[in-house]
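These are the residues of each chain, in order.
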Amino acid sequence: MAARARRGGLAAAVLAGALLAGALLATGRLPLALGQVAAAGSAAAAPHRRFEYKYSFKGPHLVQADGTVPFWVHTGNAIPSADQIRITTSLKSQRGSVWTKNKSIFEYWEVEVTFRVTGRGRIGADGLAVWFTEEQGLEGPVFGAADEWNGVGIFFDSFDNDGKKNNPGVIVVGNNGKLQYDHQNDGSTQALASCQRDFRNKPYPVRVKITYYQKTLTVLINNGFTPDKEDYEFCAKVEEMVLPSQGYFGISAATGGLADDHDVLSFLTFQLTDPGKEAPTPDAEIPQKDKEKYQEEFEHFQQELDKKKEEFQKEHPDVQGQPGKLFLSDDLFETVSDRELRQIFEGQNRIHLEIKQLNRQLDMILDEQRRYVSVVTDEIAKRGAAFPGQQGQVSQQEIETVVKTQEEVVRQVNEIRNSVADTLRLMSGAQHPGSAAGVYETTQHFNDIKEHLHVVKRDIEHLVQRNTPSSEKSKCPDLPPFPSCLSTMHFFIFVAVQTVLFIGYIMYRSQQEAAAKKFF
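It should be emphasised that the depicted structure is a prediction, and the values quoted were computed from it without experimental measurement.

Q: Would you take a moment to explain the packing of aromatic side chains for this structure?
A: Given two aromatic rings, their pairing is described by the distance between the two centres and the angle made by the two planes. The tally for this structure, following the rule as stated, stands at 26 aromatic pairs. On the basis of an interplanar angle of 75° and a centroid distance of 5.9 Å, the ring pair of Trp149 and Phe155 is categorised as edge-to-face. On the accessibility criterion, Phe155 (0% relative accessible area) is buried. Aromatic ring contacts, followed pair by pair, group Tyr55, Phe57, Trp72, Phe106, Tyr108, Trp109, Phe132, Tyr212, Tyr213, Phe249 and Phe267 into a single cluster. Across from the ring centre of Phe270, 3.9 Å away, lies the NZ or CZ of Arg49, which sits over that ring.

Q: Even after reading the chapter, I still don't get the pattern of salt bridges, so can you show me in this structure?
A: Opposite charge on two side chains permits them to pair, given that their charged atoms come into close proximity. Going through the model one piece at a time under the given rule, you end up with 13 salt bridges. With its nearest N and O atoms 3.7 Å apart, the salt bridge here joins Glu135 to Lys103. Residue Glu135 is located in the loop between β8 (127-133) and β9 (150-157), and its partner Lys103 is located in the loop between β6 (95-100) and β7 (108-118); the two are separated by 32 residues in the primary sequence. Each of the salt bridges in this network shares a partner with another, and the network as a whole consists of Arg49, Glu110, Glu112 and Lys209.

Q: What is the right way to look at a nonpolar patch on the surface in this model?
A: A cluster of nonpolar side chains, contributed by Phe502, Ile503, Tyr505, Ile506 and Met507, occupies part of the molecular surface with about 530 Å² of accessible area. Relative to the helices and strands, Ile506 resides in helix α8 (residues 488-517).

Q: Whenever I open this one, the UniProt feature "transmembrane region" (unreviewed entry) in the protein confuses me. Can you help?
A: Per the UniProt annotation, the sites labelled "transmembrane region" (unreviewed entry) are residues 489-508. Helix makes up 100% of residues 489-508 and strand 0%. Its end C-alpha atoms lie 29 Å apart.

Q: What am I meant to see in the nonpolar core here?
A: Nonpolar side chains tend toward joint burial in soluble globular proteins. One finds Trp109, Phe115, Phe156 and Leu217 to be the most contacted residues of the largest nonpolar core, which totals 46 residues. Broken down by element, this core gets its largest block of residues, six residues, from β7. Beyond its immediate stretch of four places on either side in the chain, Leu217 contacts Trp109, Val152, Val172, Ile210, Thr211, Tyr212, Ala236, Lys237, Val238 and Met241. With 12 residues, the next largest nonpolar core counts Trp99, Trp131, Val173 and Tyr248 among its residues.

Q: Hey, could you run me through the state of the cysteines in this one?
A: Working definition of a disulfide: a covalent bond connecting the sulfur atoms of two cysteines. One pass over the structure, following the stated rule, counts one disulfide. Covalently, Cys195 is tied to Cys235 through a disulfide, its sulfur atoms 1.8 Å apart. Sign of the S-S torsion, about -80° for the bond between Cys195 and Cys235, identifies this disulfide as left-handed. Here the residue Cys195 occupies a position in strand β11 (residues 191-195), and Cys235 occupies one in strand β14 (residues 233-239), the gap between them amounting to 40 residues. Overall, the relative accessible area of 12% leaves Cys195 in the buried class.

Q: In this structure, what is going on with unusual backbone geometry? I would like to understand it.
A: Note: most peptide bonds trans; most residues except glycine with negative phi. Geometrically, the link from Gly59 to Pro60 is a cis peptide bond, its omega value of 0° lying close to zero. Locating Pro60 in the fold gives a position in the loop between β2 (57-58) and β3 (72-76). With an omega of -15°, the peptide bond between Ala125 and Asp126 qualifies as cis. Positioned with a positive phi, Asn201 is a non-glycine residue whose angle comes to about 55°. Since its relative accessible area comes to 36%, Asn201 is described here as partly exposed. Non-glycine residue Glu240 carries a positive phi angle of around 55°. Relative to the helices and strands, Glu240 is located in the loop between β14 and β15 (248-254).

How each quantity is defined
- Residues numbered from 1 in each chain as written.
- Predicted model: local features only at pLDDT ≥ 70, side-chain atom pairs only at ≥ 80, totals over all residues.
- Heavy atoms only, no water.
- Phe/Tyr/Trp six-rings, centres within 6.5 Å; stacked < 30°, edge-to-face > 60°.
- Buried < 20%, exposed > 50% of the residue type's maximum accessible area, 1.4 Å probe, protein only.
- Lys NZ or Arg CZ within 6 Å of the ring centre and 35° of its normal.
- Salt bridge = Lys/Arg side-chain N within 4 Å of Asp/Glu carboxyl O.
- Helix = DSSP H or I, 4+ residues; strand = E, 2+ residues; numbered from the N terminus.
- Patch = residues over 30% accessible without salt bridge, like charges linked within 9 Å, V, L, I, M, F, W, Y side chains within 5 Å.
- Areas by Shrake-Rupley, 256 points an atom, 1.4 Å probe, with all protein chains shown as cover.
- UniProt positions renumbered as here; feature names shortened; annotations may be inferred.
- Core = buried A, V, L, I, M, F, W, Y, C linked by side-chain atoms within 4.5 Å.
- Contact = heavy atoms within 4.5 Å.
- Disulfide = S-S within 2.5 Å.

Below you can see the structure in the form of structure tokens.
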């Protein structure tokens with residue numbers, strides 16, 4: 001009876017749970033409740049992430065001036081550039097790798113690798129590998145890195161060596177430093193986990209997230225079909241995996257009879273710590289040897305700084321005992337009024353330069369005007385001396401017009417010179433922003449002078465043309481003599497001779513025809 005009662009209670013509990021699940025499912029709250037529970041559990045177990053720049057690289061400006069990548073070393077056929085590192089080019093039998101210069105000093109980590117594998121053929125070779133090893137595997141036969149490593153390698157194998165048609169694929173292989181990689185079987189006999197994913201010739205870069213936390217290695221992959229950086233798919237997971245507490249991160253690639261371009265765009269490393277545990281301070285992560293080196297450099301710099309302070313105090317005894325007086329003075333900060341006054345002075349300086357330029361141009365105009373007047377006077381004098389009877393050709397009114405125009409030009413030039421002198425005197429005496437109007441008026445006077453000069457030039461040319469003597473004017477060439485025509489007498493004689501000759505020819509021909517008829 002007791003056993004039956006217990007079975008009945010268990011059945012009732014199961015039935016109640018099923019009814020409750022059915023009700024939540026019918027109302028759409030069951031997935032939400034499960035999601036909230038999962039989210040709460042993941043949030044509670046999510047480790048703390050901290051970016052480690054000394055174990056990472058990312059473009060642009062990835063390479064320094066000497067061709068090296070900061071905190072990384074590249075070997076083999078690897079070619080760093082501004083935005084990526086080409087581990088191998090699409091040539092046969094190429095090997096290359098990139099490794100961190102320093103060992104990591106954190107136990108758990110996460111890396112995010114972005115890469116491209118592109119090739120012309122349908123099948124590529126050999127592949128790419130992401131490493132975490134106790135020592136740097138700079139060169140070797142395993143995807144361009146050394147064999148018998150102590151750590152883990154995540155291989156992106158492109159070529160199907162064993163003929164099982166399971167490539168391209170992702171393989172996780174661990175090693176304790178004593179095993180040799182099985183190339184013939186694509187490492188299938190040594191793989192701790194694997195997944196089949198095609199990562200060649202994708203429209204977007206392929207992204208891989210490798211997490212090692214609480215002795216569990218997880219591999220997530222973005223297949224490169226979408227630009228979404230967080231669109232990861234589960235690939236492989238290895239539990240109870242023991243890795244070296246300190247090691248080097250690296251990435252390598254190799255080609256064989258077939259070849260692909262293996263380009264790494266970024267390699268980002270994060271340190272993982274337990275949620276309730278504070279991350280170690282940067283000082284705790286620095287080795288003792290480096291600490292001593294940095295401390296010695298700091299002391300040397302401090303001594304140099306003290307010497308500079310003593311020299312400065314000797315050269316500037318007025319600020320002695322007030323080290324912040326020179327650097328915290330209010331004179332370094334410009335007020336609004338000071339800024340406006342400085343702008344006014346700068347504007348006045350520019351106006352002064354423009355007026356000086358106008359003054360030089362006016363001097364040039366006066367010189368040219370004087371030259372024109374002298375040339376006209378000399379020309380008129382020469383014409384009058386050579387042709388005294390033709391002096392009356394130039395009317396007195398035209399000469400008076402030219403003289404008045406010259407006087408007007410000279411008067412305006414003198415006015416402009418006076419205004420320029422007044423402006424310069426005002427600027428030298430008291431600076432004020434109203435001089436811009438004077439510059440504008442000066443510009444207008446300058447334009448008027450140019451117009452008057454053109455008028456004077458036309459008048460002078462007209463006078464020169466009027467004064468030119470008629471004997472010097474160009475004449476038309478004489479016409480050639482016309483041929484003489486036949487007179488009427490000669491024409492009739494010619495016609496008579498022609499008529500006589502024609503009649504004689506007709507008579508002669510008639511006699512010849514009559515003589516020829518006698519024979520018939």
